[in-house]
Amino acid sequence: MIIVTLRFFAVLREAFGAGIVEVELDAGTTGAELIELLAANNDDFSALQSVVRLAVNDEYVELGTILADKDDISFITPVSGG
Amino acid sequence: MIIVTLRFFAVLREAFGAGIVEVELDAGTTGAELIELLAANNDDFSALQSVVRLAVNDEYVELGTILADKDDISFITPVSGG
Amino acid sequence: MEPFWIDIAEELPSIVEVYSFLNASQGGAVCVFSGITRLETNGRTTETLSYDAHKTMALKEMKRLAEVASSKWPVLRLVMLHRTGSVRVGEASVYIGVATAHRGPSFEASEFLIDELKKSVQIWKKEGFQDGTSEWVSTTWSDEKKTD
Amino acid sequence: MEPFWIDIAEELPSIVEVYSFLNASQGGAVCVFSGITRLETNGRTTETLSYDAHKTMALKEMKRLAEVASSKWPVLRLVMLHRTGSVRVGEASVYIGVATAHRGPSFEASEFLIDELKKSVQIWKKEGFQDGTSEWVSTTWSDEKKTD
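Residues numbered from 1 in each chain as written. Chains lettered and ligands numbered in written order. Predicted model: local features only at pLDDT ≥ 70, side-chain atom pairs only at ≥ 80, totals over all residues. Heavy atoms only, no water.

**As for helix H3 (residues 103-120) of chain C**
No. 1: For H3 of chain C, with 18 residues, the first-to-last C-alpha span of 26 Å sits near the 26 Å given by 1.5 Å per residue.
No. 2: Counting buried residues along H3 of chain C, 17 of its 18 residues qualify, which places the element largely inside the surrounding structure. (Helix = DSSP H or I, 4+ residues; strand = E, 2+ residues; numbered from the N terminus. Expected span 1.5 Å × (residues − 1). Buried < 20%, exposed > 50% of the residue type's maximum accessible area, 1.4 Å probe, protein only.)

**Remarks on the relation of the copies chain D and chain C**
No. 1: Once chain D is rotated about the relating axis by 180° and shifted along it by 0.0 Å, it coincides with chain C to within an RMSD of 0.0 Å. Such a combination of turn and shift is consistent with a two-fold rotation axis. Of the C-alpha atoms belonging to chain D, the one lying closest to the rotation axis is found on Val32 of chain D, 2.6 Å away.
No. 2: Interface overlap between copies is the fraction of interface residues in one copy that are interface residues in the other; for chain D against chain C it reaches 100%, indicating a shared surface. (Least-squares fit on C-alpha atoms with pLDDT ≥ 70 in both. Contact = heavy atoms within 4.5 Å.)

**Comments concerning the sheet that holds strand E1 (residues 2-7) of chain B**
Residues and elements named next belong to chain B.
No. 1: Strand order in the open sheet formed by five strands is E2-E1-E5-E3-E4, with mixed pairing between adjacent strands. Each edge of the open sheet is held by one strand with a lone partner, namely strand E2 (20-25) and strand E4 (59-61). Neighbour-to-neighbour, the strand axes of the sheet open up by a mean angle of 35°, direction not taken into account.
No. 2: In terms of strand pairing, strand E3 (residues 53-56) meets E4 through three bridges, oriented antiparallel. (Pairing = 2+ DSSP bridges. Axes fitted to C-alpha atoms, helices over the stretch in contact; angles between N-to-C directions.)

**Side note on the pairing of strand E5 (residues 75-83) of chain C**
Residues and elements named next belong to chain C.
No. 1: Extensive coverage of E5 is indicated by the burial of eight of its nine residues.
No. 2: Taken together, the six bridges between strand E1 (residues 4-9) and E5 define a ladder with parallel strand orientation. What sits directly across from Ile8, in E5, is His82.
No. 3: Where E5 and strand E7 (residues 92-100) come together, seven bridges link them in antiparallel fashion. Across the sheet, residue Leu81 finds its bridge partner in E7, namely Tyr95.

**Quick word on the pattern of salt bridges**
No. 1: Tallying each qualifying case throughout the model produces 24 salt bridges over all chains.
No. 2: The partner of Glu116 of chain C in a salt bridge is Lys119 of chain C, and the shortest N-O contact between them spans 3.0 Å. Linking Glu116 of chain C with Lys119 of chain C, this pair stays in helix H3, spanning three residues, or about one helical turn.
No. 3: Among the salt bridges present, the one from Arg88 of chain D reaches Glu91 of chain D, with a minimum N-O distance of 3.1 Å.
No. 4: One continuous salt-bridge network, built from bridges that share partners, spans Arg44, Asp131 and Glu135 of chain C. (Salt bridge = Lys/Arg side-chain N within 4 Å of Asp/Glu carboxyl O.)

Fair warning: the whole summary comes from geometry, so function is off the table for now.
As structure tokens, this is what we get:
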């Protein structure tokens, strides 16, 4: 098992009711698998699943990336600042 | 004879040593004739004669305009504000 | 002195500080864009905009955009400052400012920076309407130029 | 309230006043251009710029330009403020600001106004160099876009 930190912002922060969550994942879990897991449990996240980008330790990564223990994972929806 | 007010700015103000001058002109004098008159007596004005625009009572006029008593005449060189 | 002043914070610095920083370039031209909470959007009356940010990623992306702008235009000084939290109608949420020697590039670089900020910087906006409702502004990752 | 604030005076209002006026539009976008006395021009070191104006004609022309800008873009509020007299390095001689609902027009209208001001508004600039010499900037009536 690995332990990773999930960071949510804006609409996703509200969807999960928290900005930072620690979760345990099976070793070898990919970004895409993590997204599927979250989407299966949260309708709001599911609605945005197709546009969410994943960042690990503040760098965008491909969804196929295999997650590692202690990864800091951010879920980035389309931005709307300014 | 008519009496008119001449207004000079920037390089022309310095050329004539004054911003406002009252002069007597023959009735029927045109803008172009006034410019010739000034150019004949002032080298700095002469050098700018070809680019000077004339305004009477704050409105640009054609050089052929016949000047009238009490006209307020401005000599406008190419601008450089900002 | 560092020619970029980039920050995300609960409060914006005063506009006087922004201009002090930019004018110290001793260049000839300063263009500052500020995004203001607008009263009316699509016929609805806004009371406040609230901003959330992924601060570390957003700051990194803003620095990257500043570097891109500096490579495209002869930037002397540059500010990119964004608020988080609640911004009432008529208040600024963002200052984008560029000092250059000549005026054209100050406009071009400022417009580039706000356009790009809206496309890629990890900040999100929630509209709070006077009728009591609120919603996160829905956007896409499209690179199309947005209009607000 | 009059949406244009146009003036020529020995002193510019504070930048805070400029923004108070523009932000009161409750639009979404404010673009402010300021022309600053530049330290270096063509390799010479400037100490001060001095401005002379035909104030009545210049104000009338600035109002005309404001009307033109308002006919081309959906301007909510607009400032055109120009100093006369001596303006030291790093100080502003002119503020051009436009508030609009969306950002594109605020940039376009501001750039239009400063471009046109430099072509037609009856104001003149004298450069005072650090070597003690000074000269009125020589320009033409050309409509070519000037670069400074």
